[in-house]
Amino acid sequence: MFYAVISQDVEDSLEKRMGVRADHIARLKALQDEGRILIAGPHPAIDSEDPGPAGFTGSLIVAEFNSLEDAQTWADADPYIAAGVYEKVIVKPFKKVF
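Residues numbered from 1 in each chain as written. Predicted model: local features only at pLDDT ≥ 70, side-chain atom pairs only at ≥ 80, totals over all residues. Heavy atoms only, no water.

Trainee: How should I be thinking about the pattern of salt bridges in this particular structure?
Mentor: Two side chains carrying opposite charge are able to pair once their charged atoms lie near each other. In this structure the tally under the stated criterion is four salt bridges. Measuring nitrogen to oxygen at the nearest pair gives 2.7 Å for the salt bridge that ties aspartate 9 to arginine 17. Residue aspartate 9 shares its accessibility class with arginine 17, and that shared class is buried. (Salt bridge = Lys/Arg side-chain N within 4 Å of Asp/Glu carboxyl O. Buried < 20%, exposed > 50% of the residue type's maximum accessible area, 1.4 Å probe, protein only.)

Trainee: I keep staring at unusual backbone geometry and nothing clicks. Help me out?
Mentor: Outside of glycine, negative phi angles account for most residues, and trans bonds account for most peptide bonds. Residue aspartate 12 is not a glycine yet carries a positive backbone phi of 50°. Take aspartate 12: it is sitting in the loop between strand E1 (2-9) and helix H1 (14-33). (Helix = DSSP H or I, 4+ residues; strand = E, 2+ residues; numbered from the N terminus.)

Trainee: Would you mind showing me how to read the environment of aspartate 23 here?
Mentor: With respect to the helices and strands, aspartate 23 occurs in helix H1. Along the primary structure aspartate 23 and tyrosine 80 are separated by 57 residues, whereas in three dimensions their C-alpha atoms are 8.8 Å apart.

Listed below in structure tokens is the structure:
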């Protein structure tokens, strides 16, 4: 089943994000290599593909896991949490219709 991982950044998170981005992306790449990612990416802080110094306000990942518990465990281990990028993370089931 798919699960949505909806994350909200702390204020002024860009520097923290960039410090651990490679580790964050490596985890996503592993899911992608296993064919488990439906969609993943950050929410720009402004209406722009490249928000520059404005940074990002959070992230959305929709990926396949065996259970809600597995999805939550995976989300809790994100390097962005350890680095203090994320203020809040919600994990919930996602049903793809379109």
